[in-house]
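Coordinates in review
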Amino acid sequence: MCVFSHQSQAHGLPSCVVTLRVMRDLCQRMEAWAPLPQWALELLVQKSIFSLNPAENNAGTALQRVFEILAAGILLPGGPGLLDPCEKDTTDAAASLTKQQREDLTASAQHALRLLTFRQLYRVLGMDPPAKAQAKKRTQEETEDQQTEQSEPAAKKLKTDASTTPVTS
């Protein structure tokens, strides 16, 4: 019964569905995320989105919020944990994670948050850089190559001048 209630709440939020898909992909691609139970992931995403201002509720902000909550240490020992709303007793939905797995998840979330801050979402998503970023990088490399080429003839000229200048004493 509780699972259906949770799914109906999440289904009403398009950003929740998109964020869940991204997080599931992350769990498949990255070793640190693989041990996170599916139920704990769903709770984490849902609670993260419900903590957002409805006016700024989109997939990008929701993903950032998930990483912020994990990076803050919600899963670390001594942290609040992910309380399972379907259990009568206080139960952590991520109880199956070891201390090391919790630390790895927290560190990975901190790294992902840094990447998001520096506009490198493509790295978090496991994608190639956008074409604009690749073109900018190529332009920088070409500029560096041109500067190197321009400085090389000057260095050769200095060597030639030094070898042809007679030494007088």
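Notes on the structure in this doc start here.

Procedures and definitions
Residues numbered from 1 in each chain as written. Predicted model: local features only at pLDDT ≥ 70, side-chain atom pairs only at ≥ 80, totals over all residues. Heavy atoms only, no water. Helix = DSSP H or I, 4+ residues; strand = E, 2+ residues; numbered from the N terminus. Contact = heavy atoms within 4.5 Å. Areas by Shrake-Rupley, 256 points an atom, 1.4 Å probe, with all protein chains shown as cover. Salt bridge = Lys/Arg side-chain N within 4 Å of Asp/Glu carboxyl O. Buried < 20%, exposed > 50% of the residue type's maximum accessible area, 1.4 Å probe, protein only. Patch = residues over 30% accessible without salt bridge, like charges linked within 9 Å, V, L, I, M, F, W, Y side chains within 5 Å. Lys, Arg positive; Asp, Glu negative; His and termini not counted. Charge placed at Lys NZ, Arg CZ, Asp CG, Glu CD. 1 Å grid on protein atoms, 1.4 Å probe; cavity = no way out; pocket = protein on both sides within 12 Å on 5 of 7 lines; lining within 4 Å. Points joined across faces, edges and corners; volume = space filled by probe spheres on them. Nonpolar A, V, L, I, M, F, W, Y, C, P; charged D, E, K, R; others polar. Phe/Tyr/Trp six-rings, centres within 6.5 Å; stacked < 30°, edge-to-face > 60°. Axes fitted to C-alpha atoms, helices over the stretch in contact; angles between N-to-C directions. Parallel < 35°, antiparallel > 145°, perpendicular 65-115°, else oblique. Left-handed = near helix turned anticlockwise from the far one by under 90°.

**Quick word on the overall build of the protein chain**
Scanning the protein chain from N- to C-terminus turns up seven helices and zero strands. Seen in sequence order, the protein chain has helices and strands lined up from the N terminus as α-α-α-α-α-α-α. Across the protein chain, contacts joining residues at least 24 apart in sequence account for 62% of those joining residues at least 6 apart. Working note: accessible area of the protein chain is about 11,300 Å², and carbon and sulfur atoms make up 54% of it.

**A short note on the pattern of salt bridges**
Tallied over the full model, the rule gives four salt bridges. Among the ionic pairs, R65 bridges to E68, the shortest N-O distance being 3.3 Å. Note that R65 and E68 are positioned in helix α4 (residues 59-71) at a spacing of three residues, about one turn of the helix. On the basis of relative accessible area, R65 is assigned to the partly exposed category, the value being 26%. Owing to a relative accessible area of 27%, E68 belongs among the partly exposed residues under this scheme.

**Brief notes about a negative patch on the surface**
Negative charge collects at one region of the surface, where E141, E142, E144 and D145 lie side by side. Positionally, E142 belongs in helix α7 (residues 131-164). What makes E142 partly exposed here is its relative accessible area of 47%.

**Brief notes about the layout of surface pockets**
When its volume is computed, the second largest pocket comes out at roughly 150 Å³. Taken together, V18, T19, V22, A59, G60, L63, Q64, L116, R119, Q120, L121 and L125 form the lining of the second largest pocket. No other element matches α4, which puts four residues into the lining of the second largest pocket. Tallied by class, residues from the lining of the second largest pocket come to seven nonpolar, four polar and one charged.

**A short note on the packing of aromatic side chains**
Following the criterion strictly, the structure yields one aromatic pair and no others. A ring pair is formed by W33 and F67, whose centres lie 5.9 Å apart and whose planes are at 75 degrees; its orientation type is edge-to-face. Taken together, the residues W33 in the loop between α2 (14-29) and α3 (38-50) and F67 in helix α4 connect sequence positions 34 residues apart. Classification of F67 as buried rests on a relative accessible area of 1%.

**Overview of the packing of α2 against α4**
It is at 9 Å that the axes of α2 and α4 come closest, and there the two elements cross at 50 degrees. Viewed along their axes, α2 and α4 adopt a mutual orientation that is oblique. For α2 against α4, the interelement crossing comes out right-handed. Listed contacts from α4 to S15, V18, T19, V22, M23 and L26 of α2 are A59, A62, L63, V66 and F67. A per-class count over the contact of α2 with α4 returns nine nonpolar, two polar and no charged.

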